[in-house]
Amino acid sequence: MVVVVIVATLASIVYVLGSRMVTRARIAQSSSNLRTLVTANQGYHADHRTYCPADNQSNTLRWHGRRTSAQAGFDSTRGLLSPYLGQSRKVMVCPLFEELVPNEVSFESGTGGYGYNAAYIGGKPGSPWDRSTRLRIPERMANILDASRTVMFTTTAYARAGGLQEYPYCEPPFWDFGGGPSGMRPSPSVHFRANGKAIVAWCDGHVTLEASNREEQHGANPHGGDSHDHDLGWFGSEENNGAWNPQK
(Lines give C-alpha, C1' and ligand atoms only; values in the text may rest on other atoms or scores of the structure.)
Protein backbone atom coordinates (compact mmCIF):
# COMPACT_ATOMS: atom_id res chain seq x y z
CA MET A 1 0.00 0.00 0.00
CA VAL A 2 2.81 2.42 0.88
CA VAL A 3 4.49 1.73 -2.45
CA VAL A 4 1.23 2.44 -4.33
CA VAL A 5 0.84 5.79 -2.52
CA ILE A 6 4.46 6.76 -3.29
CA VAL A 7 4.06 5.86 -6.97
CA ALA A 8 0.79 7.80 -7.19
CA THR A 9 2.37 10.83 -5.53
CA LEU A 10 5.37 10.76 -7.86
CA ALA A 11 3.08 10.41 -10.88
CA SER A 12 1.08 13.43 -9.71
CA ILE A 13 4.25 15.49 -9.29
CA VAL A 14 5.53 14.48 -12.72
CA TYR A 15 2.16 15.39 -14.28
CA VAL A 16 2.13 18.84 -12.65
CA LEU A 17 5.73 19.55 -13.63
CA GLY A 18 5.09 18.32 -17.17
CA SER A 19 1.99 20.51 -17.46
CA ARG A 20 3.95 23.56 -16.30
CA MET A 21 6.71 22.87 -18.80
CA VAL A 22 4.18 22.57 -21.62
CA THR A 23 2.58 25.88 -20.62
CA ARG A 24 5.96 27.62 -20.44
CA ALA A 25 6.83 26.28 -23.89
CA ARG A 26 3.54 27.56 -25.28
CA ILE A 27 4.11 30.99 -23.74
CA ALA A 28 7.60 31.07 -25.28
CA GLN A 29 6.20 30.11 -28.71
CA SER A 30 3.45 32.71 -28.50
CA SER A 31 5.99 35.36 -27.48
CA SER A 32 8.08 34.43 -30.52
CA ASN A 33 5.00 34.71 -32.75
CA LEU A 34 4.36 38.21 -31.45
CA ARG A 35 7.97 39.27 -32.08
CA THR A 36 7.53 38.04 -35.65
CA LEU A 37 4.47 40.29 -36.05
CA VAL A 38 6.39 43.33 -34.80
CA THR A 39 9.28 42.54 -37.17
CA ALA A 40 6.82 42.18 -40.05
CA ASN A 41 5.24 45.52 -39.22
CA GLN A 42 8.64 47.17 -39.02
CA GLY A 43 9.37 45.72 -42.47
CA TYR A 44 6.10 47.18 -43.75
CA HIS A 45 7.11 50.56 -42.30
CA ALA A 46 10.50 50.39 -44.02
CA ASP A 47 8.75 49.96 -47.37
CA HIS A 48 5.77 52.29 -46.91
CA ARG A 49 6.95 54.83 -44.30
CA THR A 50 3.93 54.04 -42.13
CA TYR A 51 2.92 51.04 -40.08
CA CYS A 52 0.53 48.54 -41.62
CA PRO A 53 -3.06 49.82 -41.85
CA ALA A 54 -5.41 47.82 -39.63
CA ASP A 55 -8.07 47.42 -42.35
CA ASN A 56 -9.91 49.05 -45.21
CA GLN A 57 -13.16 51.00 -45.17
CA SER A 58 -15.28 48.12 -46.50
CA ASN A 59 -13.84 45.75 -43.88
CA THR A 60 -12.80 43.23 -46.55
CA LEU A 61 -9.05 43.74 -46.18
CA ARG A 62 -7.25 43.64 -42.84
CA TRP A 63 -3.72 43.28 -41.53
CA HIS A 64 -4.29 39.50 -41.18
CA GLY A 65 -6.32 38.57 -44.27
CA ARG A 66 -8.66 39.42 -47.14
CA ARG A 67 -12.24 38.34 -47.91
CA THR A 68 -14.65 38.83 -50.77
CA SER A 69 -17.47 40.29 -48.66
CA ALA A 70 -18.21 41.30 -45.09
CA GLN A 71 -19.88 37.90 -44.55
CA ALA A 72 -17.16 35.72 -46.14
CA GLY A 73 -14.22 34.04 -44.43
CA PHE A 74 -10.72 35.50 -44.59
CA ASP A 75 -7.93 34.25 -46.82
CA SER A 76 -5.08 34.51 -44.32
CA THR A 77 -2.39 34.57 -47.04
CA ARG A 78 -3.66 37.84 -48.53
CA GLY A 79 -3.58 40.23 -45.58
CA LEU A 80 -1.71 43.51 -45.62
CA LEU A 81 1.09 41.99 -43.51
CA SER A 82 1.19 38.70 -45.46
CA PRO A 83 4.18 39.61 -47.69
CA TYR A 84 6.25 40.15 -44.52
CA LEU A 85 5.36 36.90 -42.76
CA GLY A 86 7.69 34.48 -44.55
CA GLN A 87 6.87 31.60 -46.86
CA SER A 88 3.53 30.75 -45.28
CA ARG A 89 2.34 34.38 -45.54
CA LYS A 90 0.17 33.62 -42.49
CA VAL A 91 0.05 34.72 -38.87
CA MET A 92 1.29 31.86 -36.70
CA VAL A 93 -1.34 30.57 -34.27
CA CYS A 94 -0.93 31.09 -30.52
CA PRO A 95 -0.72 27.56 -29.02
CA LEU A 96 -2.45 28.77 -25.85
CA PHE A 97 -5.38 30.02 -27.92
CA GLU A 98 -5.49 26.94 -30.13
CA GLU A 99 -6.32 24.70 -27.19
CA LEU A 100 -9.17 27.01 -26.14
CA VAL A 101 -10.85 27.81 -29.46
CA PRO A 102 -11.05 25.43 -32.42
CA ASN A 103 -10.71 27.36 -35.68
CA GLU A 104 -14.05 26.20 -37.07
CA VAL A 105 -16.00 28.17 -34.45
CA SER A 106 -14.16 31.43 -35.07
CA PHE A 107 -15.46 33.74 -37.78
CA GLU A 108 -12.47 36.09 -37.41
CA SER A 109 -10.02 33.40 -38.56
CA GLY A 110 -6.48 34.30 -39.56
CA THR A 111 -5.46 36.44 -36.59
CA GLY A 112 -3.70 33.59 -34.79
CA GLY A 113 -5.31 34.74 -31.55
CA TYR A 114 -3.51 38.10 -31.67
CA GLY A 115 -4.82 41.64 -31.92
CA TYR A 116 -3.34 44.84 -33.37
CA ASN A 117 -3.43 48.29 -31.76
CA ALA A 118 -5.71 49.60 -34.50
CA ALA A 119 -6.80 52.64 -32.50
CA TYR A 120 -3.35 54.27 -32.43
CA ILE A 121 -0.83 52.26 -34.53
CA GLY A 122 -2.79 50.59 -37.35
CA GLY A 123 -5.00 53.67 -37.45
CA LYS A 124 -5.49 57.03 -35.78
CA PRO A 125 -8.16 58.39 -33.44
CA GLY A 126 -11.29 59.15 -35.40
CA SER A 127 -10.42 56.44 -37.95
CA PRO A 128 -9.48 58.64 -40.93
CA TRP A 129 -9.38 56.79 -44.28
CA ASP A 130 -7.11 57.34 -47.25
CA ARG A 131 -9.28 58.70 -50.06
CA SER A 132 -7.57 56.76 -52.85
CA THR A 133 -6.82 53.38 -51.22
CA ARG A 134 -9.72 53.39 -48.72
CA LEU A 135 -7.28 52.03 -46.15
CA ARG A 136 -7.26 53.26 -42.59
CA ILE A 137 -4.49 55.85 -42.18
CA PRO A 138 -1.88 54.36 -39.81
CA GLU A 139 0.75 55.92 -37.60
CA ARG A 140 4.39 56.64 -38.41
CA MET A 141 7.29 55.45 -36.29
CA ALA A 142 8.53 59.03 -35.86
CA ASN A 143 5.32 60.02 -34.04
CA ILE A 144 5.66 57.40 -31.30
CA LEU A 145 7.14 59.16 -28.28
CA ASP A 146 8.24 55.97 -26.46
CA ALA A 147 8.22 52.80 -28.57
CA SER A 148 9.20 50.64 -25.59
CA ARG A 149 5.99 51.65 -23.78
CA THR A 150 3.53 51.66 -26.67
CA VAL A 151 1.54 48.52 -27.46
CA MET A 152 1.61 47.07 -30.98
CA PHE A 153 0.11 43.56 -30.60
CA THR A 154 -1.28 41.47 -27.74
CA THR A 155 -2.95 38.14 -27.15
CA THR A 156 -6.64 38.75 -27.81
CA ALA A 157 -10.04 37.09 -27.92
CA TYR A 158 -13.68 38.14 -27.99
CA ALA A 159 -16.43 36.87 -25.70
CA ARG A 160 -19.61 35.72 -27.39
CA ALA A 161 -22.54 33.61 -26.26
CA GLY A 162 -21.15 30.12 -25.78
CA GLY A 163 -17.45 30.91 -25.65
CA LEU A 164 -14.58 32.74 -27.28
CA GLN A 165 -13.54 33.59 -30.82
CA GLU A 166 -10.59 35.26 -32.49
CA TYR A 167 -10.49 39.05 -32.56
CA PRO A 168 -8.13 41.15 -34.73
CA TYR A 169 -7.69 44.23 -32.52
CA CYS A 170 -6.49 44.89 -28.97
CA GLU A 171 -8.99 47.57 -28.01
CA PRO A 172 -7.86 50.43 -25.73
CA PRO A 173 -9.55 51.09 -22.37
CA PHE A 174 -11.69 53.87 -23.89
CA TRP A 175 -12.92 54.67 -27.39
CA ASP A 176 -11.11 57.65 -28.92
CA PHE A 177 -13.15 59.34 -31.65
CA GLY A 178 -10.51 61.97 -32.34
CA GLY A 179 -10.78 64.20 -29.30
CA GLY A 180 -9.00 61.99 -26.80
CA PRO A 181 -10.34 59.08 -24.73
CA SER A 182 -14.10 59.49 -24.58
CA GLY A 183 -14.89 57.74 -21.30
CA MET A 184 -16.90 55.16 -23.28
CA ARG A 185 -15.51 51.65 -22.99
CA PRO A 186 -15.38 48.98 -25.70
CA SER A 187 -15.93 45.34 -24.90
CA PRO A 188 -12.36 44.36 -23.93
CA SER A 189 -10.32 42.07 -26.14
CA VAL A 190 -6.95 41.70 -24.38
CA HIS A 191 -6.84 38.06 -23.26
CA PHE A 192 -4.97 37.06 -20.09
CA ARG A 193 -4.44 33.40 -21.03
CA ALA A 194 -0.75 32.99 -20.17
CA ASN A 195 -1.05 31.86 -16.56
CA GLY A 196 -3.36 34.80 -15.91
CA LYS A 197 -1.34 37.30 -17.93
CA ALA A 198 -1.51 38.78 -21.41
CA ILE A 199 1.46 38.49 -23.75
CA VAL A 200 2.24 41.97 -25.08
CA ALA A 201 4.51 43.00 -27.98
CA TRP A 202 5.66 46.61 -27.81
CA CYS A 203 6.59 48.88 -30.71
CA ASP A 204 10.33 48.49 -30.07
CA GLY A 205 10.03 44.70 -30.47
CA HIS A 206 10.33 43.48 -26.89
CA VAL A 207 7.65 41.21 -25.42
CA THR A 208 6.38 41.08 -21.83
CA LEU A 209 3.75 39.33 -19.73
CA GLU A 210 1.26 41.81 -18.25
CA ALA A 211 -1.27 41.24 -15.45
CA SER A 212 -4.82 42.56 -15.66
CA ASN A 213 -5.50 45.87 -13.92
CA ARG A 214 -8.71 44.22 -12.62
CA GLU A 215 -10.92 47.05 -13.82
CA GLU A 216 -14.49 45.83 -13.35
CA GLN A 217 -16.21 48.28 -15.68
CA HIS A 218 -16.40 46.82 -19.19
CA GLY A 219 -18.22 48.04 -22.28
CA ALA A 220 -21.41 46.45 -23.56
CA ASN A 221 -21.09 43.19 -25.50
CA PRO A 222 -23.68 42.93 -28.30
CA HIS A 223 -22.96 39.24 -28.90
CA GLY A 224 -24.02 37.88 -25.53
CA GLY A 225 -20.51 37.29 -24.18
CA ASP A 226 -19.26 37.94 -20.65
CA SER A 227 -15.72 39.30 -20.78
CA HIS A 228 -15.30 38.94 -17.01
CA ASP A 229 -15.82 35.18 -17.27
CA HIS A 230 -13.21 34.80 -20.01
CA ASP A 231 -10.20 36.69 -18.58
CA LEU A 232 -10.59 39.68 -20.88
CA GLY A 233 -9.71 43.22 -19.86
CA TRP A 234 -6.87 45.75 -19.86
CA PHE A 235 -3.50 46.21 -18.20
CA GLY A 236 -1.51 49.10 -16.80
CA SER A 237 -2.63 52.67 -16.29
CA GLU A 238 -5.73 53.75 -18.20
CA GLU A 239 -5.00 57.47 -18.02
CA ASN A 240 -5.19 58.92 -21.54
CA ASN A 241 -5.51 55.31 -22.78
CA GLY A 242 -2.24 54.32 -21.18
CA ALA A 243 0.13 52.09 -23.16
CA TRP A 244 -2.01 52.18 -26.30
CA ASN A 245 -1.56 55.89 -26.94
CA PRO A 246 1.79 56.88 -28.50
CA GLN A 247 1.10 60.58 -27.84
CA LYS A 248 0.33 60.33 -24.12
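See the structure printed just above.
Rules of the game
Along each chain, numbering runs from 1 in the same order as the chain's sequence is written. In keeping with the predicted nature of the model, local features appear solely for residues at pLDDT of at least 70, side-chain atom pairs appear and are counted solely at 80 or more, and the whole-chain, interface and lining totals rest on all residues. Only hydrogens and water are set aside; all other atoms, that is, all heavy atoms of the structure, feed into the side-chain values. Secondary structure elements are taken from DSSP: a helix is a run of H or I of four residues or more, a strand is a run of E of two residues or more, and numbering for both begins at the N terminus. Each residue gets one of three labels from its accessible area relative to the maximum for its type: buried under 20%, exposed over 50%, partly exposed in between, using a 1.4 Å probe on protein chains only. The contact criterion used throughout is that any non-hydrogen atoms of two residues lie within 4.5 Å. Each accessible area is a Shrake-Rupley estimate made with a 1.4 Å probe; only the visible protein chains count as cover when residues are assessed. When DSSP locates at least two bridges between a pair of strands, those strands are taken to pair. To define a nonpolar core, start from buried Ala, Val, Leu, Ile, Met, Phe, Trp, Tyr and Cys residues and group those joined through side-chain atoms within 4.5 Å. The salt bridge criterion pairs a side-chain nitrogen of Lys or Arg with a carboxyl oxygen of Asp or Glu, the two atoms within 4 Å. As a rule, the C-alpha atoms of each element are fitted with a line to give its axis, helices using only the stretch in contact, and angles between N-to-C directions run from 0 to 180 degrees. Whenever a nitrogen or oxygen atom comes within 3.5 Å of another N or O atom, the pair is scored as a polar contact, on the condition that within protein one atom can donate a hydrogen and the other can accept it, and that pairs from neighbouring residues in sequence are kept only if both atoms are in side chains. Pairing of aromatic rings covers Phe, Tyr and the six-membered ring of Trp, with a centre-to-centre limit of 6.5 Å; geometry is then stacked below 30 degrees between planes, edge-to-face above 60, and tilted otherwise.

### A closer look at the overall build of the protein
On a plain count of helices and strands, the protein comes out with 2 helices and 10 strands. Order of helices (α) and strands (β) in the protein, N terminus to C terminus: α-β-β-α-β-β-β-β-β-β-β-β. Looking at the protein as a whole, 48% of its 248 residues qualify as buried. In the protein, the share of contacts with a sequence separation of at least 24, taken over all contacts with a separation of at least 6, comes to 66%. For the protein, the exposed surface amounts to about 12,100 Å²; the carbon and sulfur share of it is 53%.

### Some details on the pairing of strand β8 (residues 197–202)
Counting buried residues in β8 gives 5 out of 6 residues, a clear majority hidden from the surface. Relative to β8, strand β4 (residues 151–155) runs antiparallel, the two sharing 3 bridges. Within β8, the position partnered with Phe 153 by the bridge is Ala 201. Taken together, the 5 bridges between β8 and strand β9 (residues 207–211) define a ladder with antiparallel strand orientation. Along β9, the bridge assignment pairs Ala 201 with Val 207. Hairpin connection of β8 to β9: 4 residues between the antiparallel strands, including Gly 205 at a positive phi of 100 degrees.

### With respect to the nonpolar core
Counting 39 residues, the largest nonpolar core has Leu 34, Leu 37, Trp 63, Leu 81, Tyr 116 and Phe 153 as its most contacted members. Among the elements of the structure, α1 (2–48), α2 (95–98), β3 (114–116), β4, β5 (158–160) and β8 are those that each provide at least two residues to this core. Counting 13 residues, the second-largest nonpolar core is a separate cluster that includes Cys 170, Phe 235, Ala 243 and Trp 244.

### What to know about the pattern of salt bridges
The tally for this structure, following the rule as stated, stands at 4 salt bridges. Of the charged contacts, one joins Arg 136 and Asp 55 as a salt bridge, the two residues approaching to 2.7 Å between their closest N and O atoms. A residue pair is termed long-range when its members are at least 10 positions apart, and Arg 136 in the loop between β3 and β4 and Asp 55 in the loop between α1 and β1 (61–62) qualify at 81 residues. Among the residues examined, Arg 136 registers a relative accessible area of 12% and is labelled buried. With a relative accessible area of 4%, Asp 55 lands in the buried category. Residue Arg 185 pairs with Glu 238 through a salt bridge whose shortest N-O separation is 2.6 Å. Linking Arg 185 in the loop between β6 (163–165) and β7 (190–191) with Glu 238 in the segment after β10 (232–233), this pair joins segments that are 53 residues apart in sequence.

### So, the sheet that holds β3
Taken together, 4 strands build an open sheet; the order of strands is β3-β4-β8-β9 and the sheet is antiparallel. The open sheet has two free edges, formed respectively by β3 and β9, since each of these has just one partner strand. Each strand of the sheet is rotated relative to its neighbour by a mean of 30 degrees, with strand direction disregarded.

### Looking at the side chain of Thr 155
Relative to the assigned elements, Thr 155 resides in strand β4. Owing to a relative accessible area of 0%, Thr 155 belongs among the buried residues under this scheme. In this structure the side chain of Thr 155 is engaged in a polar contact, spanning 2.8 Å, whose partner is the backbone oxygen of His 191. The residues contacting Thr 155, other than those within four sequence positions of it, are Ser 30, Gly 113, Tyr 114, Ser 189, Val 190, His 191, Arg 193, Ala 198 and Ile 199.

### Comments concerning the packing of aromatic side chains
Summed over the entire model, instances satisfying the criterion amount to 8 aromatic pairs. Here Tyr 116 and Phe 153 contribute two aromatic rings whose centre-to-centre distance is 4.8 Å and whose plane-to-plane angle is 15 degrees, an arrangement assigned as stacked. One end of the pair, Tyr 116, is in strand β3; the other, Phe 153, is in strand β4, with 37 residues separating them in the sequence. Here Tyr 116 falls in the buried class, since its relative accessible area comes to 0%. Assessed through its relative accessible area of 0%, Phe 153 is described here as buried. Ring centres of Tyr 167 and Tyr 169 lie 5.9 Å apart, and the angle between their planes is 90 degrees; this geometry places the pair in the edge-to-face category.

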